[in-house]
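Okay, here's what each chain looks like letter by letter:
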Amino acid sequence: MYNKKIAFKIGLALAIVHFLVGFSLVYNILRWSANAQWQLLWYLPFIIDFPVSLFYILILSLPFSNFSISFLPYPVSEIRSFIMPCLMHIILGTLWYFYLPQLILLLVKKTRGK
């Protein structure tokens, strides 16, 4: 029981930090959107959120991934290079980091035979 509480607290702290870093990244993308290489800012979250980043391959194969939303300003209107990475890294990546300590605890318990 004590380990579950610690895993929950660690997961919550990791999720909060990941969420804040994700929003700061989005803020920097919006601030630097005039720069032609703003898409390169997504490389760090792709490395950090590795299992979640695999979903991006599936997203690229969806038929609507090349569309853009015309009434939104430039970087925000891009579904493939802004909206989907935001949803993927901020929402799914935060959930991944919330559950990661609990998954590690579960694996440790199963390997110890408890």
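Above this text is the structure in question.
About the thresholds
Residues numbered from 1 in each chain as written. Predicted model: local features only at pLDDT ≥ 70, side-chain atom pairs only at ≥ 80, totals over all residues. Heavy atoms only, no water. Helix = DSSP H or I, 4+ residues; strand = E, 2+ residues; numbered from the N terminus. Buried < 20%, exposed > 50% of the residue type's maximum accessible area, 1.4 Å probe, protein only. Polar contact = N/O pair within 3.5 Å; in protein donor to acceptor, adjacent residues only side chain to side chain. Core = buried A, V, L, I, M, F, W, Y, C linked by side-chain atoms within 4.5 Å. Contact = heavy atoms within 4.5 Å. 1 Å grid on protein atoms, 1.4 Å probe; cavity = no way out; pocket = protein on both sides within 12 Å on 5 of 7 lines; lining within 4 Å. Points joined across faces, edges and corners; volume = space filled by probe spheres on them. Nonpolar A, V, L, I, M, F, W, Y, C, P; charged D, E, K, R; others polar. Phe/Tyr/Trp six-rings, centres within 6.5 Å; stacked < 30°, edge-to-face > 60°.

Trainee: Looking at this structure, I do not really get the overall build of the chain. What am I missing?
Mentor: Each helix and strand in the chain was counted, giving 6 helices and 0 strands. Along its sequence from the N terminus, the chain presents helices and strands in the succession α-α-α-α-α-α. The buried share among the 114 residues of the chain stands at 32%.

Trainee: Would you take a moment to explain the environment of Lys-9 for this structure?
Mentor: Looking at the secondary structure, you find Lys-9 in helix 1 (residues 2-31). When its relative accessible area of 60% is taken as the criterion, Lys-9 is described as exposed. Along the chain, Lys-9 and Phe-98 lie 89 residues apart, while their C-alpha atoms are 9.0 Å from each other.

Trainee: Help me understand the side chain of Asp-49 in this model?
Mentor: By the element assignment, Asp-49 lies in the loop between helix 2 (43-48) and helix 3 (50-53). In this structure Asp-49 comes out as buried when scored by relative accessible area, which is 1%. At 2.8 Å, the side chain of Asp-49 forms a polar contact with the side chain of His-18.

Trainee: Got a minute to help me understand the nonpolar core in this structure?
Mentor: Among soluble globular proteins, nonpolar side chains are generally buried collectively. Membership of the largest hydrophobic core comes to 14 residues, with the highest contact counts inside it found for Val-26, Ile-29, Trp-42, Phe-82 and Met-88. The set of elements that each furnish at least two residues to this core consists of helix 1, helix 4 (55-60) and helix 6 (79-112). In terms of residue count, helix 6 provides more of this core than any other element does, 5 residues in total. With near-sequence residues (within four places) excluded, Ile-29 lies in contact with Trp-38, Leu-41, Trp-42 and Phe-82.

Trainee: Sorry if this is basic, but what is going on with the layout of surface pockets here?
Mentor: In this approach the atoms are scanned with a rolling probe the size of a water molecule, which exposes any empty space left behind. What the largest pocket holds in volume is close to 240 Å³. Every residue lining the largest pocket is counted, 17 residues in all, and those nearest its centre are His-18, Val-21, Gly-22, Pro-45 and Ile-48. At 8 residues, helix 1 tops the list of elements feeding residues into the lining of the largest pocket. Of the residues that constitute the lining of the largest pocket, the class distribution is 12 nonpolar, 4 polar and 1 charged.

Trainee: Is there a simple way to explain the packing of aromatic side chains in this structure?
Mentor: Aromatic ring pairs are described here by two measures, namely the spacing of the ring centres and the angle between the planes. As enumerated under the stated definition, the model contains 3 aromatic pairs in all. Ring geometry for Phe-8 and Phe-98: centres 5.5 Å apart, planes at 85°, overall edge-to-face. Residue Phe-8 is found in helix 1, and its partner Phe-98 is found in helix 6; the two are separated by 90 residues along the sequence. Owing to a relative accessible area of 41%, Phe-8 belongs among the partly exposed residues under this scheme.

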